[in-house]
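These are the residues of each chain, in order.
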Amino acid sequence: MFFRNLTLFRFPTSLNLADLDAQLAECELKPVGALELSSRGFVTPLGQHGDQFCQRQGDALWLAIGGEDKLLPGAVVNDLLQKKLAAIEEKEGRKPGGRTRKRLKDELITELLPRAFVRPVRTDALIDTQTGVIAVDTSSRKSAESVVSEVRRALGSFPALPLNAEVAPRAILTGWIAGDPLPDGLSLGDECELRDPTDTGAVVKIQRMDLSGNEIAKHLEAGKQATRLALTLDDHVSFVLGEDLVVRKFKLLDGAVDQLEASDSDDIVAELGARFALMAGEFKRLFNVLEAAFKLSKAE
């Protein structure tokens, strides 16, 4: 169990999360109703291997939002709707109006929902109480904000806000490619995205290339700026950082994973706990580097 993407929010470290497990349990996922399109709620991070809604490893908390979505393809609804409309037109000799179309469509959805397939979904999140950060395992801001909203619903109040950098992330990323010193432990990867600063300017996506080479330098000389950049932290973590400060392609490397292989535990709960503890530790080191490099504001 390792997160692959990290959308980050900050909250005050003074927030009391001592009763988080009980609060999450009050908002447990309920099966989607017969006439509902979707349902959301908290599930146990360990699934069938645990009964707690919040797994704790030191300062790190692991929680998971589960969901059930009804699969009701629009093409199916529209096909049935067109058949109903055609039958009315043939019978009455006129095309149904907009209100009739809407009523018939609503009736079709109500009729089809109880028979629709249900797709389970899940999104995990990590809360670091020491740094006051929640990391949601998604690169979608909308999906991440939905998870934060669910936590807020469970707690009653959860003043978490997107990261706020005091320096322009694009300028920092561009500077690193251009040769500015990187923070201790960070090194360039082999992937980046360069954009012309104008709204309609060119976009260049580069993969598997030496970012310190002449070709990259020419793009920078032409005025392009880095909006995404692959980086590595101490040969333990590789990731792609965007100017939106979303961490994508988060991956623990052999230098970190070797610590797990050394434990050799047959206990699935212990193994999952060890994996989360490892990931949480590497995430904290990464966040501390990003916080200093981009001068990230603390939540108040």
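Our structure is the block above this text.
Quick caveat: nothing in here was measured; it's all calculated off a predicted structure.

*Asks:* Mind laying out the overall build of the protein chain, listing which residues take part and the relevant values?
*Replies:* In terms of helices and strands, the protein chain carries eight helices and 12 strands. For the C-alpha atoms alone, the extent of the protein chain along its principal axes is close to 75 × 55 × 40 Å. Relative to its 300 residues, the protein chain shows a buried fraction of 42%. Taking as baseline every contact in the protein chain between residues at least 6 positions apart, the subset at least 24 positions apart corresponds to 67%. Looking at the protein chain, you have 38 positive and 46 negative side-chain charges, and the mean spots of the two groups are 10 Å apart.

*Asks:* An account of the packing of aromatic side chains is needed here, citing residue identities and associated values.
*Replies:* Aromatic ring pairs are described here by two measures, namely the spacing of the ring centres and the angle between the planes. Enumeration according to the criterion identifies four aromatic pairs in this entry. Centre to centre, the rings of phenylalanine 11 and phenylalanine 158 are 5.3 Å apart; their planes meet at 40°, and the pair counts as tilted. Of this pair, phenylalanine 11 sits in the loop between β1 (7-10) and α1 (20-25) while phenylalanine 158 sits in the loop between α4 (141-155) and β7 (161-162), and the two are 147 residues apart along the sequence. Both residues of the pair, phenylalanine 11 and phenylalanine 158, count as buried. Ring geometry for tryptophan 62 versus phenylalanine 276: centroids 5.2 Å apart, planes at 20°, classification stacked. With tryptophan 62 in strand β4 (residues 60-71) and phenylalanine 276 in helix α8 (residues 268-294), this pair connects stretches of sequence that are 214 residues apart. Here arginine 141 stacks its cationic end above the ring of phenylalanine 9, 5.7 Å away from the centre of that ring.

*Asks:* Please give an account of helix α5 (residues 169-178) that cites residues and values.
*Replies:* Taken across its 10 residues, α5 has seven buried, putting it largely inside the fold. Turning to α5, its buried residues number three or more, namely Pro169, Arg170, Leu173, Thr174, Gly175, Trp176 and Ile177. On its buried face, α5 sits against β8 (186-195), α6 (214-221), β10 (225-233), β11 (237-242) and α8.

*Asks:* Could you give me a rundown of the pattern of salt bridges, with the residues and numbers involved?
*Replies:* Across all of its chains, the model carries 20 salt bridges by this definition. With a shortest N-O distance of 3.1 Å, lysine 102 and aspartate 106 are connected by a salt bridge. Here the residue lysine 102 and the residue aspartate 106 both occupy positions in helix α3 (residues 98-112), the gap between them amounting to four residues, near one helical turn. Judged by its relative accessible area of 55%, lysine 102 is exposed. Taking the relative accessible area as the measure of exposure, aspartate 106 reaches 37% and is therefore partly exposed. Several salt bridges converge on common partners, so that one network encompasses Arg10, Glu291 and Lys298.

*Asks:* Break down the sheet that holds strand β9 (residues 203-207) for me, citing the residues and quoting the values.
*Replies:* Ordered in space as β9-β8-β10-β11-β12, the five strands form an open sheet in which the pairing is antiparallel. Two strands bound the open sheet, and with one partner strand each, they are β9 and β12 (247-252). Here the strands of the sheet are splayed against their neighbours by 15° on average, with no regard to which way each runs. As judged from the seven bridges shared by β8 and β10, these two strands associate in the antiparallel manner. Within β10, the position partnered with leucine 188 by the bridge is leucine 231. On the sheet, α8 packs against β8, β10, β11 and β12 and is oriented at approximately 135° with respect to β12.

*Asks:* Tell me about the packing of helix α2 (residues 74-92) against α3, and name the residues and values.
*Replies:* Contact pair α2 / α3: the axes reach a minimum separation of 10 Å and the direction vectors enclose 130°. Overall, the two elements α2 and α3 adopt an arrangement that is oblique. Crossing of α2 against α3: the hand is right-handed. Residues Val77, Asn78, Leu80, Leu81, Gln82, Lys84, Leu85 and Ile88 of α2 pack against Thr100, Arg101, Leu104, Lys105, Leu108, Ile109 and Leu112 of α3. Of the residues contributing to the contact of α2 with α3, the split by class is nine nonpolar, three polar and three charged.

*Asks:* So what about the nonpolar core? Which residues, and what values?
*Replies:* Counting 47 residues, the largest nonpolar core has Leu194 and Phe294 as the members making the most contacts within it. By residue number, the principal contributor to this core is α8, which donates 12 residues. Residues contacting phenylalanine 294, with those up to four places away along its chain left out, are Ala165, Glu166, Val167, Pro169, Ile172, Leu173, Trp176, Leu241 and Leu245. Core analysis: the second largest hydrophobic core is formed by 24 residues, Phe11, Leu24, Ile127 and Ala144 among them.

Rules used in this analysis
- Residues numbered from 1 in each chain as written.
- Predicted model: local features only at pLDDT ≥ 70, side-chain atom pairs only at ≥ 80, totals over all residues.
- Heavy atoms only, no water.
- Helix = DSSP H or I, 4+ residues; strand = E, 2+ residues; numbered from the N terminus.
- Buried < 20%, exposed > 50% of the residue type's maximum accessible area, 1.4 Å probe, protein only.
- Contact = heavy atoms within 4.5 Å.
- Lys, Arg positive; Asp, Glu negative; His and termini not counted.
- Charge placed at Lys NZ, Arg CZ, Asp CG, Glu CD.
- Phe/Tyr/Trp six-rings, centres within 6.5 Å; stacked < 30°, edge-to-face > 60°.
- Lys NZ or Arg CZ within 6 Å of the ring centre and 35° of its normal.
- Salt bridge = Lys/Arg side-chain N within 4 Å of Asp/Glu carboxyl O.
- Pairing = 2+ DSSP bridges.
- Axes fitted to C-alpha atoms, helices over the stretch in contact; angles between N-to-C directions.
- Parallel < 35°, antiparallel > 145°, perpendicular 65-115°, else oblique.
- Left-handed = near helix turned anticlockwise from the far one by under 90°.
- Nonpolar A, V, L, I, M, F, W, Y, C, P; charged D, E, K, R; others polar.
- Core = buried A, V, L, I, M, F, W, Y, C linked by side-chain atoms within 4.5 Å.

By themselves, these observations are geometric and do not establish any function.
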